[in-house]
Amino acid sequence: MELYGSYTSPFVRHCRIALLESGMQFAFVETDATSSAKLSPTKKMPFLKYIEGDKEKMLTDSSAILKSIREQSGKVFFSDNDDFNNYCTANTLLDTTINLFYLEKEDLTPAKSPYLTRQQSRIASGLAELNKLTFSKTALFTDSELRIACFLDWALFRNRITIDAYLNLKTFLDNVRNYPQFASTAPK
Ligand SMILES: N[C@@H](CCC(=O)N[C@@H](CS)C(=O)NCC(=O)O)C(=O)O
């Protein structure tokens, strides 16, 4: 099994954490945006290649990859609707923050576009909402918690957000940073 991605992508990181938790053998193939645009139909990372029977198969979204890893480990990928909703919120915030990050490189900023201003305000309202959640204090963290932590850590790493005003999120992230599988996959 081969997981393709970069060491900085938060979506890739969540898959790496799940693979480490599962104990399954996998090779990590470091991939950049140019290669992923050639190798995956979604032109995104992560993607996973594996053999089933005599066929090579490919999963091209982190959620599909996580579902497969969790199920192969005898676990369920979300049985709770609230937990799944929190995971979806974190995904929306990740997509939004990453889009703004890429667009800024092309000098397209919220100041120039009402829709990008809406995107920017989505990050603020989403963070305030996530800050209301009750989080696990130690492992085992749920997939929504891991996704939220991957989002926060990436957005802080890229200087996209500050969470000083969100004490609950700050305490939560400090706790997850002590989790070995999270610590060993930090963006670099
Ligand atoms: N829904 C996808 C999102 C993955 C994603 O956005 N990955 C980013 C890297 S963090 C990417 O490859 N972006 C390239 C692009 O948008 O062209 C997933 O969950 O796997």
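First, a word on scope: everything that follows refers to the structure included in this document. These numbers come from a predicted model, not from an experiment.

Some words on the sheet that holds strand β2 (residues 27-30)
Picture the strands of a sheet paired through backbone hydrogen bonds; they go either parallel or antiparallel.
Phase 1 of the analysis: Read across the sheet, four strands follow the order β2-β1-β3-β4 without closing on themselves; strand pairing throughout is mixed. The sheet terminates laterally at β2 and β4 (55-59), the two strands that pair on one side only. Pairs of neighbouring strands in the sheet enclose a mean axial angle of 25°, with direction left out of account.
Phase 2 of the analysis: Where strand β1 (residues 2-5) lies against strand β3 (residues 47-52), three bridges are found, and the strand directions are antiparallel. Counterpart to leucine 3 in the pairing with β3 is leucine 48.
Phase 3 of the analysis: Seen against the sheet, helix α1 (residues 10-22) touches β1 and β2 and runs at an angle of roughly 155° to β1.
Phase 4 of the analysis: Helix α3 (residues 62-72) contacts β1, β3 and β4 of the sheet and is inclined by roughly 120° relative to β4.

Notes on unusual backbone geometry
Phase 1 of the analysis: Each neighbour pair has its own omega, and for methionine 45 with proline 46 the value is 10°, a cis peptide bond.
Phase 2 of the analysis: Assignment of secondary structure puts proline 46 in the loop between α2 (33-39) and β3.
Phase 3 of the analysis: Note the cis peptide between alanine 139 and leucine 140, where omega equals 10°.
Phase 4 of the analysis: A positive phi angle, near 60°, is found at lysine 43, a position not held by glycine.
Phase 5 of the analysis: Overall, lysine 43 belongs to the exposed group, its relative accessible area being 54%.
Phase 6 of the analysis: Phi is positive for aspartate 107, which is not a glycine, with a value near 65°.
Phase 7 of the analysis: The topology assignment puts aspartate 107 in the loop between α4 (81-105) and α5 (114-130).

A look at α5
Phase 1 of the analysis: Over its 17 residues, α5 runs 24 Å from end to end, which matches the ideal 24 Å to within 8%, given 1.5 Å per residue.
Phase 2 of the analysis: Every buried residue of α5 is accounted for by Leu116, Gln119, Ile123, Gly126, Leu127 and Leu130. Axial view of α5: buried residues confined to an arc of 100°, hence all on one face. Turned more than 90 degrees off the buried face of α5, the exposed positions are Pro114 and Arg118.
Phase 3 of the analysis: Along its buried surface, α5 packs onto α4, α6 (143-157) and α7 (167-176).

Quick look at the packing of aromatic side chains
Phase 1 of the analysis: In total, this model carries twelve aromatic pairs according to the counting rule given.
Phase 2 of the analysis: On the basis of an interplanar angle of 50° and a centroid distance of 4.8 Å, the ring pair of tyrosine 7 and phenylalanine 28 is categorised as tilted. With tyrosine 7 in the loop between β1 and α1 and phenylalanine 28 in strand β2, this pair connects stretches of sequence that are 21 residues apart.
Phase 3 of the analysis: Seen from their ring centres, phenylalanine 77 and tyrosine 87 are 5.8 Å apart, and the 85° between their planes marks the pair as edge-to-face. In this pair, phenylalanine 77 is assigned in the loop between α3 and α4 and tyrosine 87 in helix α4, connecting sequence segments ten residues apart.
Phase 4 of the analysis: Judged by relative accessible area, which is 2%, tyrosine 87 ranks as buried.
Phase 5 of the analysis: Every member of this aromatic cluster is reached through a ring pair, and the members are Phe77, Phe78, Phe84 and Tyr87.
Phase 6 of the analysis: In this arrangement the basic side chain of arginine 16 is found over the ring face of phenylalanine 28, its NZ or CZ atom lying 5.2 Å from the centre.

Parameters at a glance
Residues numbered from 1 in each chain as written. Predicted model: local features only at pLDDT ≥ 70, side-chain atom pairs only at ≥ 80, totals over all residues. Heavy atoms only, no water. Pairing = 2+ DSSP bridges. Helix = DSSP H or I, 4+ residues; strand = E, 2+ residues; numbered from the N terminus. Axes fitted to C-alpha atoms, helices over the stretch in contact; angles between N-to-C directions. Contact = heavy atoms within 4.5 Å. Buried < 20%, exposed > 50% of the residue type's maximum accessible area, 1.4 Å probe, protein only. Expected span 1.5 Å × (residues − 1). Arc of directions from axis to C-beta. Phe/Tyr/Trp six-rings, centres within 6.5 Å; stacked < 30°, edge-to-face > 60°. Lys NZ or Arg CZ within 6 Å of the ring centre and 35° of its normal.

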